[in-house]
Amino acid sequence: MPKLRVNGHKIHSRAGISVLAALQNQGLWTVRTSVSGKPRGPLCGMGVCYECRCLVDGRVQKSCQVTVQEGMEVETAEGKDSLSSQTLLEEVAEGREQKAEGKKELTLSPHEKNRSSSQAKQFPQGLGLQPSAFCSIPSAFSLLPSTNSLLIIGAGPAGIAAARAASRACQVTLLDDNPRIGGQIWREKEGLKLPENVQVLSGAPITGVLDDKTLLVAGQKLHFERLILATGARELLLPFPGWTLPGVVGAGGLQAMIKSGLDVAGKRIVIAGSGPLLLAVAALAVQKGAQVVRILEQAPPKQLAPFLKSLTASKLLQAAGLGRIAATRYTSNAYVKAALGTEKLEKVQYQSGERTLELECDLLAVGYGLVPNLELAVQLGCRLDQGFVQVDDTGKTSVAHIHAAGEITGIGGLDKALLEGEVAGLAATGQPIFSLVPRLQASHRFVRTLKTAFALRPELQQLADSDTIICRCEDVRLAEVQGHTDWRSAKLHTRLGMGACQGRTCGPICQHLLGFDAPQIRPPLFATPLEDLLLEEQP
């Protein structure tokens, strides 16, 4: 059982869980303070929102993406008067200056030791980057292949299925920025096996695109001949009064946190939003000993009926396993109006039909479906269609050497992701896919049914009031962006989308609430340490 030092105090943690889970299990839900000094807790649980960032061994890291290790030093907002973003920057800058001046001995990771060699570094050409060191990302690898016959980005179900299929014909490299393969759905799944000719690079964040067949990954060039994108999706989170209180998380976020080691036994949880994910999260929480107080589905029963009729026998059996939860705690035509509390969540106010009700709870998990992670596809020049990567029946995109699979081509769940991954893996390596085409077309019909059944009601656009924060990174409120006609104008006049998550959370919010266009995607893809924007000069 690893021992950590958190805010100067020794704690014991279960091995193999995330640093965030270790903090939460100690009751530390306020990980940082916002730019306006308000307490903030984790939101997405999957490395998108940056709300869980804190100091881990002297580096600013997303605690949901770091696995606990013996002797780690962790510092959160509860260990300082104000662990704001600026404070974190100053901490890091001070530590690096001391390291450079030899005033303070810092322990370097193997990756840092490798980088501290005499090799010179240069700024990459063609990336158009503005140096910006904000959040350090742990480095889990020190050697990348210089050339790959087939590169797959994203090690969730679609990426894994693609790797297995493609490996029958060639050497495959599977890359993911998470510390473990499996994506969000298979985050805790044990025994995920891949063929021997599949090389896995986990914990490998992509910084940007250098040219149509070269990526920049942690300061190193990664070349490829063919590429399959399986970058998945993140949650659509819609704001309402109180949604920034610690204890309010995404529905998928709660699922990810539980799978990463969060102990929810005895916790009173309200799960709300829209989509089949709500029941899956509820089932997992109950399995782990939580008390699911209520499940609030915003869609009315009449709208859900076609979806229920479209379920296959296996899906119906799976749903039947949730029967008790669904029968006693599932309420359709209901949605959260506000989260109430002072320093943390205390109760939830929700609308059910004509009634406005309140429930006391420890956690509120809210998600309104998924939005695709398109940043890399757009930078590589892949054409979009209605907000998703455009592909043909083989998964080929508008760029000849790039295929795509999974949620970035349409939100459809696990079965669709596995099927599309297999098709993309076969097609990208010249193997036949004929027998899979009918199933593929059926999965696309299911996507359309899913979209109709869980279409969001207009009332959700009116939940945020003028004082509700829209951009959690920079504390930009709704009133500040109302009156602007597009994302660019709002960004130029406020700090909307200029924080650590780079608009990944507030961008879809502004599209949904204000009708803004999608945020312009610029490199780097993620907030990146300056050292990872420098190429090591080859000897």
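Scoring rules and cut-offs
Residues numbered from 1 in each chain as written. Predicted model: local features only at pLDDT ≥ 70, side-chain atom pairs only at ≥ 80, totals over all residues. Heavy atoms only, no water. Pairing = 2+ DSSP bridges. Helix = DSSP H or I, 4+ residues; strand = E, 2+ residues; numbered from the N terminus. Axes fitted to C-alpha atoms, helices over the stretch in contact; angles between N-to-C directions. Buried < 20%, exposed > 50% of the residue type's maximum accessible area, 1.4 Å probe, protein only. Arc of directions from axis to C-beta. Salt bridge = Lys/Arg side-chain N within 4 Å of Asp/Glu carboxyl O. pLDDT = per-residue confidence, 0-100. Contact = heavy atoms within 4.5 Å.

Draft legend 1. Summary view of the sheet that holds strand 12 (residues 206-211). On the basis of which strands lie adjacent, the open sheet formed by three strands has the order 12-13-14 and antiparallel pairing. Whereas interior strands pair on both sides, the edge strands pair on one side only; in this sheet they are strand 12 and strand 14 (220-223). When the angles between neighbouring strand axes are averaged without regard to direction, this sheet yields 30 degrees. Examined bridge by bridge, strand 12 and strand 13 (residues 214-217) share four bridges and lie antiparallel to one another.

Draft legend 2. Examining the pairing of strand 23 (residues 355-360) more closely. Examined bridge by bridge, strand 22 (residues 345-352) and strand 23 share six bridges and lie antiparallel to one another. Of the residues in strand 23, the one forming a bridge with K347 is E360. Hairpin connection of strand 22 to strand 23: two residues between the antiparallel strands, including G353 at a positive phi of 65 degrees.

Draft legend 3. Broad picture of helix 6 (residues 277-287). The complete set of buried residues in helix 6 reads L278, V281, A282, L284 and A285. Looking down the long axis of helix 6, one finds its buried residues gathered within 165 degrees of arc, a one-sided arrangement. Positive phi appears at G289, one or two residues downstream of helix 6, with a value of about 95 degrees.

Draft legend 4. The pattern of salt bridges, seen in detail. As enumerated under the stated definition, the model contains 16 salt bridges in all. The closest approach of N and O atoms between E51 and R32, which form a salt bridge, is 2.6 Å. In this pair, E51 sits in the loop between strand 4 (39-40) and strand 5 (53-56) while R32 sits in strand 3 (residues 32-33), placing the two residues 19 residues apart along the sequence. According to the relative accessible area criterion, R32 is buried, its value standing at 1%.

Draft legend 5. Broad picture of the confidence of the model for the chain. Per-residue pLDDT for the chain has a mean of 84; in total, 82% of the residues score no lower than 70. This stretch, residues 81-93, has a pLDDT under 50; its non-local contacts, to residues over four places away or in other chains, come to 25 contacts. A low-confidence stretch, residues 95-120 stays under pLDDT 50, and its non-local contacts, those more than four residues away or across chains, total 31 contacts.

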